[in-house]
Amino acid sequence: MSKHVLIVGGGYVGMYTALRLRKKMRRQLKSGELKITMVAPQSYMTYQPFLPEAAAGNLEPRHVVVSLRRVLPGVTILNGRVTEIDHAGRKATVEVVERADAEPYEVRTIDYDTLVFCPGSISRTLPIPGLAEHGIGFKTVAEAIYLRNHVLRQLDIAASSTCPESRRQALTFVFVGGGYAGVEALAELEDMARDACRYYPDLKGDSMRWVLVEASDKILPEVGEDMGKWTVEALRGRGIEVRLKTLLKSAENREIVLSDGEKFGAGTLVWTAGVKPNPLVKKTDLPLDDKDRVKATAELTVDGVEDAFTAGDIAAVPDLTEPGQFCAPNAQHAVRQAKVLGDNVAAALRGRELKAYKHAYAGSVASLGLHKGVAQIYGVKLRGLPAWFIHRTYHLSRLPTVNRKARVTADWTLALFFSREVVSLGTLQRPREEFELATKKY
Ligand SMILES: Cc1cc2nc3c(=O)[nH]c(=O)nc-3n(C[C@H](O)[C@H](O)[C@H](O)COP(=O)(O)OP(=O)(O)OC[C@H]3O[C@@H](n4cnc5c(N)ncnc54)[C@H](O)[C@@H]3O)c2cc1C
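Quick caveat, the model's predicted, so the values are computed rather than measured. (Residues numbered from 1 in each chain as written. Predicted model: local features only at pLDDT ≥ 70, side-chain atom pairs only at ≥ 80, totals over all residues. Heavy atoms only, no water.)

S.K.: Please explain the sheet that holds strand S15 (residues 255–258) as it appears in this structure.
M.R.: Either a parallel or an antiparallel arrangement is found when strands of a sheet pair, and the pairing is made through backbone hydrogen bonds. Taken in spatial order, the 3 strands make up an open sheet running S14-S15-S16, and their pairing is antiparallel. With partners counted over all chains shown, the strands left at the sheet margins are strand S14 (248–250) and strand S16 (263–265), one partner each. When strand polarity is set aside, the average angle formed by the axes of neighbouring strands in this sheet is 40°. For S15 and S16, the ladder comprises 3 bridges, and the chain directions are antiparallel. Note on S16: the bridge partner recorded for Ile256 is Phe264. (Pairing = 2+ DSSP bridges. Helix = DSSP H or I, 4+ residues; strand = E, 2+ residues; numbered from the N terminus. Axes fitted to C-alpha atoms, helices over the stretch in contact; angles between N-to-C directions.)

S.K.: Explain the site of the ligand here, please?
M.R.: By nearness alone, 31 residues border the ligand, and Val13, Gln48, Asn278, Asp313 and Ala331 come closest of all. Asn330 is positioned such that a nitrogen or oxygen atom in its backbone is 3.4 Å from an oxygen atom of the ligand. Relative to its free-state accessible area of 1000 Å², the ligand is covered by the protein chains to the extent of 91%. For the shell around the ligand, the elements supplying multiple residues, two or more each, are helix H1 (12–24), strand S2 (34–40), strand S5 (76–86), helix H8 (180–196) and helix H10 (331–349). With 3 residues, the single largest contributor to the shell around the ligand is H10. A class-by-class count of the residues in the shell around the ligand yields 17 nonpolar, 11 polar and 3 charged. (Near = heavy atom within 4 Å. Polar contact = N/O pair within 3.5 Å; in protein donor to acceptor, adjacent residues only side chain to side chain. Areas by Shrake-Rupley, 256 points an atom, 1.4 Å probe, with all protein chains shown as cover. Nonpolar A, V, L, I, M, F, W, Y, C, P; charged D, E, K, R; others polar.)

S.K.: Is there a simple way to think about the nonpolar core in this case?
M.R.: For soluble globular proteins, nonpolar side chains are generally found buried alongside one another. Counting residues in hydrophobic clusters, the biggest one holds 110 residues, and the most contacted among them are Leu72, Leu115, Phe117, Phe175 and Trp210. Once residues lying within four places of it in the same chain are set aside, the contact partners of Phe175 are Gly182, Ala185, Leu186, Leu189, Trp210, Val211, Leu212, Val213 and Val270. Residues Ile128, Val213, Ala251 and Leu269 belong to the second largest nonpolar core, which totals 14 residues. (Core = buried A, V, L, I, M, F, W, Y, C linked by side-chain atoms within 4.5 Å. Buried < 20%, exposed > 50% of the residue type's maximum accessible area, 1.4 Å probe, protein only. Contact = heavy atoms within 4.5 Å.)

S.K.: It is not clear to me how the side chain of Arg22 should be interpreted in this structure. Could you clarify?
M.R.: Structurally, Arg22 is set in helix H1. The charged side chain of Arg22 is buried without a salt bridge, its nearest counter-charge being Asp343 at 13 Å. Within polar-contact distance, the side chain of Arg22 engages the backbone oxygen of Pro73 at 2.8 Å. If near-sequence neighbours (up to four positions away) are discounted, Arg22 is found in contact with Leu29, Val71, Leu72, Pro73 and Val75. (Lys, Arg positive; Asp, Glu negative; His and termini not counted. Salt bridge = Lys/Arg side-chain N within 4 Å of Asp/Glu carboxyl O.)

S.K.: For this particular structure, what's the right way to read a positive patch on the surface?
M.R.: Together, Lys23, Arg26, Lys30, Lys339 and Arg398 make up a region of like positive charge exposed at the surface. Position of Lys30 among the secondary structure elements: in helix H2 (residues 26–31). (Patch = residues over 30% accessible without salt bridge, like charges linked within 9 Å, V, L, I, M, F, W, Y side chains within 5 Å. Charge placed at Lys NZ, Arg CZ, Asp CG, Glu CD.)

S.K.: Just checking my understanding: could you explain a nonpolar patch on the surface for this structure?
M.R.: On the surface, Leu414, Leu416, Phe417 and Phe418 cluster together into a nonpolar patch covering about 510 Å² of accessible area. In this fold, Phe418 is placed in the loop between helix H12 (402–417) and helix H13 (433–439).

S.K.: Explain the packing of helix H6 (residues 141–160) against H8 here, please?
M.R.: Helix-helix packing is described using two parameters, namely the angle between the two axes and the distance between the axes. Look at H6 against H8: their axes get within 10 Å of each other, and the N-to-C directions meet at 40°. Overall, the two elements H6 and H8 adopt an arrangement that is oblique. In the packing of H6 onto H8, the handedness of the crossing is right-handed. Of the residues in H8, those in contact with Leu147, Arg148, Val151, Leu152 and Leu155 of H6 are Leu189, Met192, Ala193 and Ala196. Considered class by class, the residues forming the contact of H6 with H8 number 8 nonpolar, no polar and 1 charged. (Parallel < 35°, antiparallel > 145°, perpendicular 65-115°, else oblique. Left-handed = near helix turned anticlockwise from the far one by under 90°.)

S.K.: Would you mind showing me how to read the packing of aromatic side chains here?
M.R.: Note on aromatic pairs: each is described by the distance of the centres and the angle between the planes. Following the criterion strictly, the structure yields 6 aromatic pairs and no others. Here a set of aromatic residues connected by ring pairs shows up, and it is made of Tyr12, Tyr16, Tyr47, Phe50 and Trp412. One residue, Arg209, lies across the ring of Phe264, its end atom 4.2 Å from the ring centre. For Arg293, the ring lying beneath its charged end belongs to Phe326, and the centroid distance is 5.1 Å. (Phe/Tyr/Trp six-rings, centres within 6.5 Å; stacked < 30°, edge-to-face > 60°. Lys NZ or Arg CZ within 6 Å of the ring centre and 35° of its normal.)

S.K.: For this particular structure, what's the right way to read the pairing of strand S23 (residues 373–377)?
M.R.: Every regular strand shows the same layout, with side chains that alternate between the two sheet faces. Burial runs high along S23: 4 of the 5 residues are buried. Linking strand S22 (residues 363–367) back to S23 in an antiparallel pair, the connection comprises 5 residues, with Gly369 at a positive phi of about 120°. Relative to strand S24 (residues 380–383), S23 runs antiparallel, the two sharing 4 bridges. Across the sheet, residue Val374 finds its bridge partner in S24, namely Arg383. In sequence, S23 turns back onto S24 through a hairpin of 2 residues, with Tyr378 there showing a positive phi of about 45°.

S.K.: Where do I start with the pattern of salt bridges in this structure?
M.R.: Where charged atoms from two side chains of opposite charge approach closely, those side chains can pair. Within this structure, the stated rule accounts for 25 salt bridges. Between Arg168 and Glu165 there is a salt bridge whose closest N-O contact spans 3.1 Å. One end of the pair, Arg168, and the other, Glu165, are both in helix H7 (residues 164–170), 3 residues apart, so they sit about a helical turn from each other. For Glu165, a relative accessible area of 42% corresponds to the partly exposed category. Across the pair Glu241 and Arg209 runs a salt bridge, and its minimum N-O distance is 2.7 Å. Note that Glu241 is positioned in strand S13 (residues 241–243) and Arg209 in strand S12 (residues 209–213), a separation of 32 residues in sequence. With relative accessibility at 21%, the residue Arg209 sits in the partly exposed group. What you see here is one network of salt bridges that share partners, running through Asp191, Asp195, Arg198, Lys372 and Arg420.

S.K.: Honestly, the sheet that holds S22 in this entry has me stumped. Any pointers?
M.R.: On the basis of which strands lie adjacent, the open sheet formed by 3 strands has the order S22-S23-S24 and antiparallel pairing. At either margin of the open sheet sits one strand with a lone partner, and together these are S22 and S24. Mean inter-strand twist for the sheet, computed between neighbouring axes without regard to direction, equals 5°. Along the sheet face, helix H11 (residues 385–398) touches S22, S23 and S24 and points at about 105° away from the line of S22.

Structure (structure tokens):
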């Protein structure tokens, strides 16, 4: 009898699990004994560690995403959002691609036999006045493209305005959250903006202000305490204000208010203060822990539930290398878990024994702009150019498909010979503006 595997999410875990499962069960997939359906809002997987480089214009944004349809022939890709899962009834409700008016185009119910639940995480926000109106996250390729255009646009605004207050606001950039997403995004964008300033003689005398706001007393915990401290000093050495033990209190009307009482206008507010499990978990009958993560076993099955698997940012997977702890939400675990997950789904379908997931955290690498980085891998600490080089080599080796590796290498090679593009294509976000103007009756 034919079996239907439903994969919810087309990110790290979803894509790598599907790749592995396809490889393991090629024959069954071909003969129709197995059907795999993947539901994901986008038709591509995003390689998130390269988003800061895409935002800085070192990489073409299309090169940091991988087409799911191209790499997963034989797998049915449904572009939409799962809105509910009744695992007891083996049913998922899916809203298929949205129309321009944001109404769901079609609501479908999908029956399945085995569930792979991996919808990842979303930005963890707080009810701070003005944040929803003026802030932006840094998790998607759209946000990376927007921020690149937005930052360059702020330079255009400052260079064209005669009002000192408007100039100051446009040239003030605030990032909240000192994990790798926030630090890398800030460091890469600051590097790009400083580079672009060469072409803005009108900005001479106006200095850009880049501020990193972090609630705890350290940044980049992923690279260890001393390398985190080194990063604070390196960023401060570049003129970036790193405000530790400080909270964002308000951002109403683009006026930033910090917990130490300081107030100032900022044209850019990026929120990267951590992630939380995708709220879809609450619309399922899967067991959750106190942090709303799906309870998982070391074999990556959903704890106490038959025919359900999970991994990645959404799951509380026991860390067998540190008893009592859970695997951190990062790509390093997600990719490795997906491999075991694919094997275990295949094993379960064949009635074989499942393997446990075990991986000791190897450390982390972070890029801080062109030729700048920080890393701690297997206890080896690196900074500056060697760390940046390791960052690029490591992530290139991890990037899925030869096609994407070649394109990213080509982007980097071209960047050695030509300077970065400094054009803001912000109008991409308003493509009908020009036409609407043309159709206006005067
Ligand atoms: C800017 C940035 C830089 C990073 N850098 C690093 C790094 O250097 N090293 C590192 O180890 N980690 C890094 N990470 C973290 C890493 O990217 C994540 O831990 C990893 O992506 C988690 O994989 P996942 O499959 O669980 O989730 P994701 O990769 O986020 O995939 C989730 C998928 O589910 C889909 N989805 C969401 N809702 C629904 C729904 N309702 N129905 C169907 N599908 C849905 C999403 O669209 C997406 O396709 C970084 C993250 C960011 C944002």
